[in-house]
Amino acid sequence: MAKKKSEGINFFQKYLTIWVFICMVVGVIIGKLLPTIPNALGNLEISGISIPIAILIWIMIYPMMLKVDFQSIKQVGKNPKGLFITWITNWLIKPFTMYGIASLFLFTVFKGFIAPELATQYLAGAVLLGAAPCTAMVFVWSTLTKGNPAYTVVQVATNDLIILIAFVPIVKFLLGVSNVSVPYGTLFFSVILFVVIPLVGGVLTRIVVVKNKGIEYFENTFVHKFDNATTVGLLLTLVLIFASQTEVILSNPLHIVLIAVPLTVQTVLIFFIAYSASKIFGMSHDIAAPAGMIGASNFFELAVAVAIALFGTTSPAALATTVGVLTEVPVMLALVKVANSTRGWFKK
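Because the structure is a prediction, the values reported are computed rather than measured. (Residues numbered from 1 in each chain as written. Predicted model: local features only at pLDDT ≥ 70, side-chain atom pairs only at ≥ 80, totals over all residues. Heavy atoms only, no water.)

Q: Would you take a moment to explain the overall build of the chain for this structure?
A: Counting secondary structure elements, the chain contains 16 helices and two strands. Its C-alpha atoms give the chain a radius of gyration of 19 Å, within 12% of the compact-globule value 20 Å for 348 residues. Going through the 348 residues of the chain one by one, you find that 54% of them count as buried. Looking at the chain alone, contacts between residues at least 24 apart form 86% of all its contacts between residues at least 6 apart. Here the chain has roughly 14600 Å² of accessible surface; of this, 71% comes from carbon and sulfur atoms. (Helix = DSSP H or I, 4+ residues; strand = E, 2+ residues; numbered from the N terminus. Rg over C-alpha atoms; globule rule 2.2 N^0.38 Å. Buried < 20%, exposed > 50% of the residue type's maximum accessible area, 1.4 Å probe, protein only. Contact = heavy atoms within 4.5 Å. Areas by Shrake-Rupley, 256 points an atom, 1.4 Å probe, with all protein chains shown as cover.)

Q: Which parts of the structure should I look at to understand the packing of helix 8 (residues 149-177) against helix 15 (residues 300-311)?
A: Relative placement of two packed helices is described by the angle separating their axes and the distance separating the axes. Interaxial distance between helix 8 and helix 15 falls to 14 Å at its minimum, and their mutual angle equals 50°. In terms of orientation, helix 8 and helix 15 fall into the oblique class. Crossing of helix 8 against helix 15: the hand is right-handed. In contact with Ile163, Phe167 and Leu175 of helix 8, helix 15 contributes Leu302, Val306, Leu310 and Phe311. Its residues placed into classes, the contact of helix 8 with helix 15 shows seven nonpolar, no polar and no charged. (Axes fitted to C-alpha atoms, helices over the stretch in contact; angles between N-to-C directions. Parallel < 35°, antiparallel > 145°, perpendicular 65-115°, else oblique. Left-handed = near helix turned anticlockwise from the far one by under 90°. Nonpolar A, V, L, I, M, F, W, Y, C, P; charged D, E, K, R; others polar.)

Q: What is the right way to read the confidence of the model for the chain from this model?
A: Should pLDDT be low for a region, the predicted coordinates there are not to be read in detail. Averaged over every residue, the pLDDT of the chain is 84; the share at 70 or more is 93%. Of all the helices and strands in the chain, helix 1 (residues 11-14) carries the lowest mean pLDDT, 68, while helix 13 (residues 254-280) carries the highest, 94. A low-confidence stretch, residues 1-6 stays under pLDDT 50, and its non-local contacts, those more than four residues away or across chains, total eight contacts. (pLDDT = per-residue confidence, 0-100.)

Q: Explain empty space enclosed by the protein to me, please; I cannot follow it from the model alone.
A: Space left empty within the atom packing is revealed by a probe, the size of a water molecule, rolled over the atoms. The full count for this structure, using the stated rule, is one cavity of 30 Å³ or more. As for the largest cavity, its lining consists of Met98, Leu263, Thr264, Thr267, Asn298, Gly324, Thr327, Glu328, Val331 and Met332. Listing elements by their share of the lining of the largest cavity, those giving two or more residues are helix 13 and helix 16 (316-341). Looking at which element gives the most residues to the lining of the largest cavity, the answer is helix 16, with five residues. (1 Å grid on protein atoms, 1.4 Å probe; cavity = no way out; pocket = protein on both sides within 12 Å on 5 of 7 lines; lining within 4 Å. Points joined across faces, edges and corners; volume = space filled by probe spheres on them.)

Q: In this structure, what is going on with the nonpolar core? I would like to understand it.
A: Among the nonpolar cores identified, the biggest contains 106 residues, and Leu128, Phe167, Leu175, Phe194, Met293, Leu302 and Phe311 are the most heavily contacted of them. It is helix 16 that provides the largest number of residues to this core, a total of 13 residues. Discounting residues that sit within four places of it in the chain, Phe311 has contacts with Gln121, Ala124, Leu128, Leu175, Val180, Val182 and Ala317. (Core = buried A, V, L, I, M, F, W, Y, C linked by side-chain atoms within 4.5 Å.)

Q: For this particular structure, what's the right way to read helix 16?
A: The end-to-end C-alpha distance of helix 16, which contains 26 residues, comes to 38 Å, matching closely the 38 Å that a straight helix rising 1.5 Å per residue would cover. The sharpest bend along helix 16 measures roughly 35° and falls at Glu328, with the proline Pro330 sitting one to four residues further on. Across the 26 residues of helix 16, 19 count as buried, placing the element largely inside the fold. (Expected span 1.5 Å × (residues − 1). Bend = angle between axes of the 7 residues up to and from the residue.)

Q: Is there a simple way to think about a nonpolar patch on the surface in this case?
A: There is a patch of nonpolar side chains on the surface, built from Tyr15, Ile18, Phe21, Ile22, Val25, Val26, Ile29, Leu33, Leu34 and Ile37 and spanning about 870 Å² of accessible area. The biggest single contributor to the nonpolar patch is helix 2 (residues 16-33), with seven residues. (Patch = residues over 30% accessible without salt bridge, like charges linked within 9 Å, V, L, I, M, F, W, Y side chains within 5 Å. Salt bridge = Lys/Arg side-chain N within 4 Å of Asp/Glu carboxyl O.)

Q: Is there a simple way to explain helix 4 (residues 51-66) in this structure?
A: Since there are 3.6 residues in each turn of an α-helix, residues three or four apart along the chain are aligned in direction. Counted at 1.5 Å a residue, the expected span for helix 4 with its 16 residues is 22 Å, and the 23 Å between its end C-alpha atoms agrees. Every buried residue of helix 4 is accounted for by Pro52, Ile53, Ala54, Leu56, Ile57, Met60, Ile61, Pro63, Met64, Met65 and Leu66.

This is how it looks when you write it as structure tokens:
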């Protein structure tokens, strides 16, 4: 049997925060010195969807969907407690705690620094992050904590199916509570465009390649042909977003830090909720760690895409979702260390 390649964190993933910061600097420089570039790209749209951004987001999301094996759902009945913890944390706790924590910081703690109109838009971006639990990077976090790879695949596969059902109503409800009106049609269109289409593409590709070349070739060779595509797509998307956000960033540089605070608090809280619940219900560490990681981290690619579709590339909501990208990797790496250092708390 061919030796499977390591799924550990690669160079770009490990230093993603640095690359995001570089993208921010490059984007702001372009937006300040060459504003015609983001303006011209911004005009390339269909039904309010930026064509360049859509293409880049597909480049980001498609490789992730290749890794999701829906055949694994047959294993749902084995050790279901870990799955219930994942589902409850991701869909009944996470979106609502994100709304509460972000509201507290943006409208109360930081009231003197952020105007109410901007706070509302930042909250909308935070809500989109909270309603989109991780799909791709959780494989990395699971590997770094020696998580059960087969079980992680089941967690991710079922989570992707739940996204199709739960994402739109949760976002619609929480944005409505936030006094942000968005049409159902735009939300459904965004999910179809940025989840359903790449998901179907990934599933069909997986079926065809496995049928013709075998599962070992697919997992050990084929998926790794796209290892850098997600990172390149993400970084180019961020450059375009930051170029469009130049005026907001230059006039409110402190806001980047202020937005990061509630996102960081939320990430840590959700990790410990799922991780502690796994301990209480007797899960082994190789299931508990991925359960904590999948809720703590975000499907930020989807959040960015939907923010752009709903509010536009130049919106503060889109900026808030990109701050989620900026903060995620260092916070998650810290939580990986916590999980690894507490392995002894769990049964073998």
